[in-house]
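Observations on chain architecture
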Amino acid sequence: MATSISDFLSSMAGGGARANRYEVIFTFPTALGIPAAAGEQLTYLCKGAELPEATIGQANVGFKGRTLKLPGDITWPDWNVTLYLDNDFLPRDIFQKWQNLINGYRSNVSAPNGQLPATFLGSAKIYTLDREDKVTTTTQVNAIWPTVVGTMALDYTTNDAIAEQPVTFAVNEVVALGAGRVGTITSVTPIARPTRG
């Protein structure tokens with residue numbers, strides 16, 4: 001039993017996990033034509049993210065007047081990310097282009113092969129970091145696509161703030177890859193602003 005502050009501190013490995021120590025790297029569908037460097041560039045603009053929730057449903061089975069609770073199927077709720085907007089509006093343009101691939105904003109049809117999973121699904125890796133910038137865990141969200149490219153509020157009275165872009169993704173699989181980094185940011189170069197379809 002913990003009886004002192006020193007006992008408590010000795011059990012807090014590395015001084016405790018910090019919610020502000022993380023990186024998120026996106027991998028976009030190849031049909032978007034977005035360079036891999038864009039996923040790394042968005043890493044620096046990612047103001048906030050989440051380690052996704054997982055829920056196992058409950059199957060209730062009646063037996064002689066009792067209800068037995070058995071494990072059902074696993075589901076993953078939507079995943080939310082907030083990004084800072086640069087003056088090129090890069091995050092907003094990328095995710096709007098992604099949506100436009102799935103269902104054209106003006107045409108109301110998909111891009112060629114736009115309904116094939118390989119065409120419209122992407123992924124992302126979420127790295128949690130310790131205070132020495134070492135990766136503590138890696139979580140991969142797979143088969144994602146943006147359901148909501150959220151509102152960017154415009155207001156004459158907003159001062160001393162960078163505009164933010166919320167994005168919500170549908171998630172089809174979450175994989176906990178454990179400790180260590182899968183993929184490394186080596187360098188980030190500016191990319192051309194994507195054109196809207």
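Residues numbered from 1 in each chain as written. Predicted model: local features only at pLDDT ≥ 70, side-chain atom pairs only at ≥ 80, totals over all residues. Heavy atoms only, no water.

**Details of the pairing of strand E5 (residues 79-84)**
Along E5, the buried face is formed by Trp79, Val81 and Leu83; none of Asn80, Thr82 and Tyr84, which line the opposite face, is buried. Note: strand E2 (residues 46-48) against E5, 2 bridges, orientation antiparallel. By the bridge assignment, Gly48 is partnered in E5 with Thr82. In the sheet, E5 pairs with strand E8 (residues 164-170) via 6 bridges, with the strands oriented antiparallel. In the strand pairing of E8, Val81 is matched with Val167. (Buried < 20%, exposed > 50% of the residue type's maximum accessible area, 1.4 Å probe, protein only. Helix = DSSP H or I, 4+ residues; strand = E, 2+ residues; numbered from the N terminus. Pairing = 2+ DSSP bridges.)

**Comments concerning helix H2 (residues 36-45)**
Counting buried positions over the 10 residues of H2 gives 8, a clear majority of the element. Inspection of H2 places Ala37, Ala38, Gly39, Glu40, Gln41, Leu42, Thr43 and Leu45 among the buried residues, and these make up the whole buried set. Tucked into the core, H2 has its buried residues touching strand E1 (22-27), E2, E5 and helix H3 (90-102). (Contact = heavy atoms within 4.5 Å.)

**Comments concerning the side chain of Gln99**
Looking at the secondary structure, you find Gln99 in helix H3. Here Tyr105 takes part through its side chain, which lies 2.6 Å from a polar atom of the side chain of Gln99. Among all residues touching Gln99, those that are not within four sequence positions of it are Tyr105, Pro146, Thr147, Val148 and Val149. (Polar contact = N/O pair within 3.5 Å; in protein donor to acceptor, adjacent residues only side chain to side chain.)

**Quick notes on the confidence of the model for the protein**
Scored by pLDDT, the protein comes out at a mean of 85, with 89% of its residues at no less than 70. The secondary-structure element of the protein with the lowest mean pLDDT is helix H1 (residues 5-11), recorded at 75, while E5 shows the highest, at 97. Confidence drops under pLDDT 50 across residues 183-197; counting only partners more than four residues distant or on other chains, this segment forms 31 contacts. (pLDDT = per-residue confidence, 0-100.)

**Here we look at a nonpolar patch on the surface**
Together, Ile5, Phe8, Leu9 and Met12 make up an exposed nonpolar region whose accessible area comes to about 430 Å². Residue position: Leu9 is located in helix H1. A relative accessible area of 53% places Leu9 in the exposed class. (Patch = residues over 30% accessible without salt bridge, like charges linked within 9 Å, V, L, I, M, F, W, Y side chains within 5 Å. Areas by Shrake-Rupley, 256 points an atom, 1.4 Å probe, with all protein chains shown as cover. Salt bridge = Lys/Arg side-chain N within 4 Å of Asp/Glu carboxyl O.)

**Structural notes on the packing of aromatic side chains**
Counted by the stated rule, this structure contains 10 aromatic pairs. Ring centres of Trp79 and Phe169 lie 5.5 Å apart, and the angle between their planes is 40°; on these two criteria the pair is classed as tilted. Of this pair, Trp79 sits in strand E5 while Phe169 sits in strand E8, and the two are 90 residues apart along the sequence. You'll find Trp79 and Phe169 in the same group, each marked buried. Put simply, the rings of Phe26, Phe28, Trp79, Phe95, Trp98 and Phe169 pair up and form one aromatic cluster. (Phe/Tyr/Trp six-rings, centres within 6.5 Å; stacked < 30°, edge-to-face > 60°.)

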